[in-house]
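Residue strings, one per chain:
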Amino acid sequence: HDYDKALELFSKVIHLNNNADVYHKTGLIYLIQNNYSQAIDHYSNAIILAKKQKNAKALLKNFVKQIEQYNSTNTTLTGSLDVIHLLNSEIKKIN
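Residues numbered from 1 in each chain as written. Predicted model: local features only at pLDDT ≥ 70, side-chain atom pairs only at ≥ 80, totals over all residues. Heavy atoms only, no water.

1. Here's the deal with the overall build of the protein
Phase 1 of the analysis: Each helix and strand counted, the protein has five helices and zero strands in total.
Phase 2 of the analysis: Counting from the amino terminus, the protein carries its helices and strands in the arrangement α-α-α-α-α.
Phase 3 of the analysis: Against the compact-globule benchmark of 12 Å for 95 residues, the protein has a radius of gyration of 13 Å, which places it among compact chains.
Phase 4 of the analysis: A principal-axis box enclosing the C-alpha atoms of the protein has dimensions of 40 × 30 × 20 Å.
Phase 5 of the analysis: When the 95 residues of the protein are sorted by exposure, 38% land in the buried category.
Phase 6 of the analysis: Just so you have it, the protein exposes about 5,800 Å², and 51% of that area is on carbon and sulfur atoms.
Phase 7 of the analysis: Both charge centroids of the protein, one from 11 positive and one from 8 negative side chains, sit 12 Å from each other. (Helix = DSSP H or I, 4+ residues; strand = E, 2+ residues; numbered from the N terminus. Rg over C-alpha atoms; globule rule 2.2 N^0.38 Å. Buried < 20%, exposed > 50% of the residue type's maximum accessible area, 1.4 Å probe, protein only. Areas by Shrake-Rupley, 256 points an atom, 1.4 Å probe, with all protein chains shown as cover. Lys, Arg positive; Asp, Glu negative; His and termini not counted. Charge placed at Lys NZ, Arg CZ, Asp CG, Glu CD.)

This is the structure:
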């Protein structure tokens, strides 16, 4: 896996288009790399951007699902349960 290259590309995309999904994918890579603080920063941005969209609840649920899928096929990522908890707490706040 070339996660560093992916991070470089996602960083460019973020500068061009602030997008919740890109922040989620970048956050997931940081979780994979055990970089918890960067992961939390990116998921915090993903939440802020997702909540501005009409489908915010579905989008955040999808982020949780993708992290859970990764955890089910690999070892559980350090910090991923904290991120899932953060996402779920935000999902509960959305009507």
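2. Some points on the packing of helix H4 (residues 56-73) against helix H5 (residues 80-93)
Phase 1 of the analysis: Two elements in contact, H4 and H5, have axes whose closest approach is 9 Å; the angle formed by their N-to-C orientations is 160 degrees. Between H4 and H5, the interaxial angle falls into the category roughly antiparallel. For the pair H4 and H5, the sense of crossing is left-handed. Residues Lys 57, Leu 60, Lys 61, Phe 63, Val 64, Ile 67, Glu 68 and Asn 71 of H4 form the contact with H5, whose participating residues are Ser 80, Leu 81, Val 83, Ile 84, Leu 87, Asn 88, Glu 90 and Ile 91.
Phase 2 of the analysis: Counted by class, the contact of H4 with H5 contains nine nonpolar, three polar and four charged residues. (Axes fitted to C-alpha atoms, helices over the stretch in contact; angles between N-to-C directions. Parallel < 35°, antiparallel > 145°, perpendicular 65-115°, else oblique. Left-handed = near helix turned anticlockwise from the far one by under 90°. Contact = heavy atoms within 4.5 Å. Nonpolar A, V, L, I, M, F, W, Y, C, P; charged D, E, K, R; others polar.)

3. Thoughts on the packing of helix H3 (residues 36-50) against H4
Phase 1 of the analysis: Across the interface, H3 lies against H4 with an axial gap of 9 Å and an inter-helix angle of 150 degrees. Taken as axis vectors, H3 and H4 run roughly antiparallel relative to one another. Residues Tyr 43, Ala 46, Ile 47 and Ala 50 of H3 pack against Ala 56, Leu 59, Leu 60, Phe 63 and Ile 67 of H4.

Spatial relationships are all this shows, so hold off on functional conclusions.
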